[in-house]
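# Reading the structure
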Amino acid sequence: METVLDVQNLSIEFPTETGVVRAVKNVSFQIQKGESLGIVGESGSGKSTIAFGLFNSVPEPGRIAGGEVHFMGGPNFLDVKGETQRRFYWSKLSMVFQASQNTLNPLLRIRRQVEDIAEAHRVDKKKAKAKALELFDMMHLDANRVMNAYPHELSGGMKQRVSIGLALLLDPEVIVFDEPTTALDVISQASVLQILNQIRKESGISLIFITHDISVISEVVDTVMVMYAGQVVERGPVSQVMLNPTHPYTRGLIGSIPPLVGDVTHTRAISGNPVQLSKVSGGCPFYARCELRQPKCLDVAPPWMELDNDVAVACHFAKREVTLQG
Ligand SMILES: Nc1ncnc2c1ncn2[C@@H]1O[C@H](COP(=O)(O)OP(=O)(O)OP(=O)(O)O)[C@@H](O)[C@H]1O
């Protein structure tokens, strides 16, 4: 297997009036060619900040406090600057932002936006337009009409598909989708994810999905990484994590998914509120909300434990829980 992206101990912080917010803390993960990874967690858990970190473009006053990002065995991308860094975007690593339909330029026809991307990356405009038509068609859009349209002439779902098509234009190796389907209705969500999965299978592209809703991506990712308060608390094959969640927080996330059929009263929200990041102590960040907490958890950070089903977890008592479950 070929490792496309290797992230090592990425840490990102924001200085604020009430202290330093450690939005991402020692996050490490790898993605293989053609793999699809889901990064899940509640709002504020640091998911989007990881994405900005991958692009070395953390918004001010944030800063990358440590770590490395290697793309296809290359040098640390966090040291790469200027033109090399800029050209890397779209052509190797591309991103579809939250509500990305709003990132289309309202004053330009889609065709012009395709030409602009081609020009910025010194790609033949004719070839780029032909590719865009192909991609829009693949995204189940009326490609010619869309190409000549202004963004306001398209529905929200159509704009989202156009944004995804543009992200695929230069054949990147990895695309990061930050809440790609939040602005879409359930049917459009399923259709967009299905198309992305098909593109992944056909082209071997690697995908990263960032979402607060694990149920949305469970059918299109191979691996899931669960974040809490800027830290990875559980990681593993999606089937394992969904069926046998090990970390108490992951259990809470999965337990709060309403069933499609049957009694929704069994759904349980995770009690308490997400921790204030500037107040995270040296122990487990989930301490205050955890049903399994013991005095040790308050002061001792849980070590990262590899379990035998390819799942890894950061919890002092996760193993015991698995045993109890039988
Ligand atoms: N510009 C900023 N200044 C201060 N803190 C920030 C800034 N941007 C993000 N943060 C903090 O970093 C933490 C992580 O934010 P991030 O947006 O990465 O979370 P998220 O999991 O992607 O949430 P969401 O799903 O709501 O986008 C949050 O606690 C947030 O308050």
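First, a word on scope: everything that follows refers to the structure included in this document. (Residues numbered from 1 in each chain as written. Predicted model: local features only at pLDDT ≥ 70, side-chain atom pairs only at ≥ 80, totals over all residues. Heavy atoms only, no water.)

Before going further, it helps to examine the overall build of the chain. When helices and strands are tallied, the chain shows twelve helices and eleven strands. In the chain, buried positions account for 51% of the 326 residues. Looking at the chain alone, contacts between residues at least 24 apart form 62% of all its contacts between residues at least 6 apart. Only carbon and sulfur atoms are counted for the fraction: they give 52% of the accessible area of the chain, which is about 15,700 Å². (Helix = DSSP H or I, 4+ residues; strand = E, 2+ residues; numbered from the N terminus. Buried < 20%, exposed > 50% of the residue type's maximum accessible area, 1.4 Å probe, protein only. Contact = heavy atoms within 4.5 Å. Areas by Shrake-Rupley, 256 points an atom, 1.4 Å probe, with all protein chains shown as cover.)

This part takes up the site of the ligand. In the vicinity of the ligand, 15 residues are found, and the nearest of them are Ser43, Gly44, Lys47, Ser48 and Thr49. Gly44 has a polar backbone atom sitting 2.8 Å from an oxygen atom of the ligand. In the environment of the ligand, an oxygen atom lies 3.1 Å from a nitrogen or oxygen atom belonging to the backbone of Gly46. Out of a free accessible area of 630 Å², the ligand has 67% covered by protein chains. (Near = heavy atom within 4 Å. Polar contact = N/O pair within 3.5 Å; in protein donor to acceptor, adjacent residues only side chain to side chain.)

Here we take up the packing of helix 3 (residues 110-120) against helix 4 (residues 125-138). Helix 4 packs onto helix 3 with a crossing angle of 125 degrees between their chain directions and a minimal axis gap of 9 Å. Looking at the two axes, helix 3 sits oblique to helix 4. In the packing of helix 3 onto helix 4, the handedness of the crossing is right-handed. Residue-level contacts link Ile110, Arg111, Val114, Glu115, Ala118 and Glu119 of helix 3 to Lys125, Ala128, Lys129, Ala132 and Phe136 of helix 4. In terms of residue class, the contact of helix 3 with helix 4 is built from six nonpolar, no polar and five charged. (Axes fitted to C-alpha atoms, helices over the stretch in contact; angles between N-to-C directions. Parallel < 35°, antiparallel > 145°, perpendicular 65-115°, else oblique. Left-handed = near helix turned anticlockwise from the far one by under 90°. Nonpolar A, V, L, I, M, F, W, Y, C, P; charged D, E, K, R; others polar.)

This part takes up the sheet that holds strand 4 (residues 63-71). The sheet built from three strands is open, its strands ordered 2-1-4 with antiparallel pairing. Edge positions in the sheet fall to strand 2 (19-32) and strand 4, since each has one partner strand and no second. The mean inter-strand angle of the sheet, taken between neighbouring strand axes irrespective of direction, is 5 degrees. Across ten bridges, the pairing between strand 1 (residues 3-16) and strand 2 is antiparallel. Across the sheet, residue Asp6 finds its bridge partner in strand 2, namely Gln30. Contacting strand 1, strand 2 and strand 4, helix 1 (residues 47-54) runs over the sheet at an angle of about 115 degrees to strand 1. (Pairing = 2+ DSSP bridges.)

Below, the discussion takes up the nonpolar core. Generally speaking, soluble globular proteins have nonpolar side chains that are buried together. Core analysis: the biggest nonpolar cluster contains 62 residues, and Phe136, Val162 and Phe209 have the highest contact counts within it. With six residues, the top contributor of residues to this core is helix 6 (residues 156-168). When near neighbours in sequence (up to four residues on either side) are disregarded, Phe136 contacts Ile110, Leu141, Ala143, Val146, Met147, Val162, Gly165 and Leu166. Residues Val24, Ala51, Val58 and Val80 belong to the second largest nonpolar core, which totals 35 residues. (Core = buried A, V, L, I, M, F, W, Y, C linked by side-chain atoms within 4.5 Å.)

Next up on the list: helix 10 (residues 248-255). For helix 10, a buried count of six out of eight residues is recorded, marking the element as mostly surrounded by other parts of the structure. Those residues of helix 10 that sit buried are Pro248, Tyr249, Thr250, Gly252, Leu253 and Ile254. Looking at the buried side of helix 10, the elements it contacts are strand 3 (36-40), helix 8 (214-217), strand 8 (223-228), strand 9 (231-237) and helix 9 (238-243).

Let us now look at the packing of aromatic side chains. The way to describe two aromatic rings as a pair is by their centre distance and the angle between their planes. Within this structure, the stated rule accounts for four aromatic pairs. Ring plane angle 80 degrees and centroid distance 5.0 Å describe the contact between Tyr228 and Phe286, whose orientation is recorded as edge-to-face. Placement of the pair is Tyr228 in strand 8 and Phe286 in the loop between helix 10 and helix 11 (295-299), with a sequence separation of 58 residues. Overall, Tyr228 belongs to the buried group, its relative accessible area being 2%. Here the aromatic residues Tyr228, Tyr249 and Phe286 are joined through ring pairs into a cluster of three or more. Above the plane of the ring of Tyr287 lies Arg293, whose end atom (NZ or CZ) is 5.4 Å from the centre. (Phe/Tyr/Trp six-rings, centres within 6.5 Å; stacked < 30°, edge-to-face > 60°. Lys NZ or Arg CZ within 6 Å of the ring centre and 35° of its normal.)

If you want to describe how two helices pack, look at the angle between their axes and the distance between the axes. One can describe the packing of helix 6 onto helix 7 (residues 186-203) by two numbers: an axis separation of 12 Å at closest approach and a directional angle of 15 degrees. Comparing the axis directions of helix 6 and helix 7 gives the class roughly parallel. Considering only the axes of helix 6 and helix 7, their crossing is right-handed. In contact with Arg161, Ile164 and Leu168 of helix 6, helix 7 contributes Ser188, Ser191, Val192, Ile195, Leu196 and Ile199.

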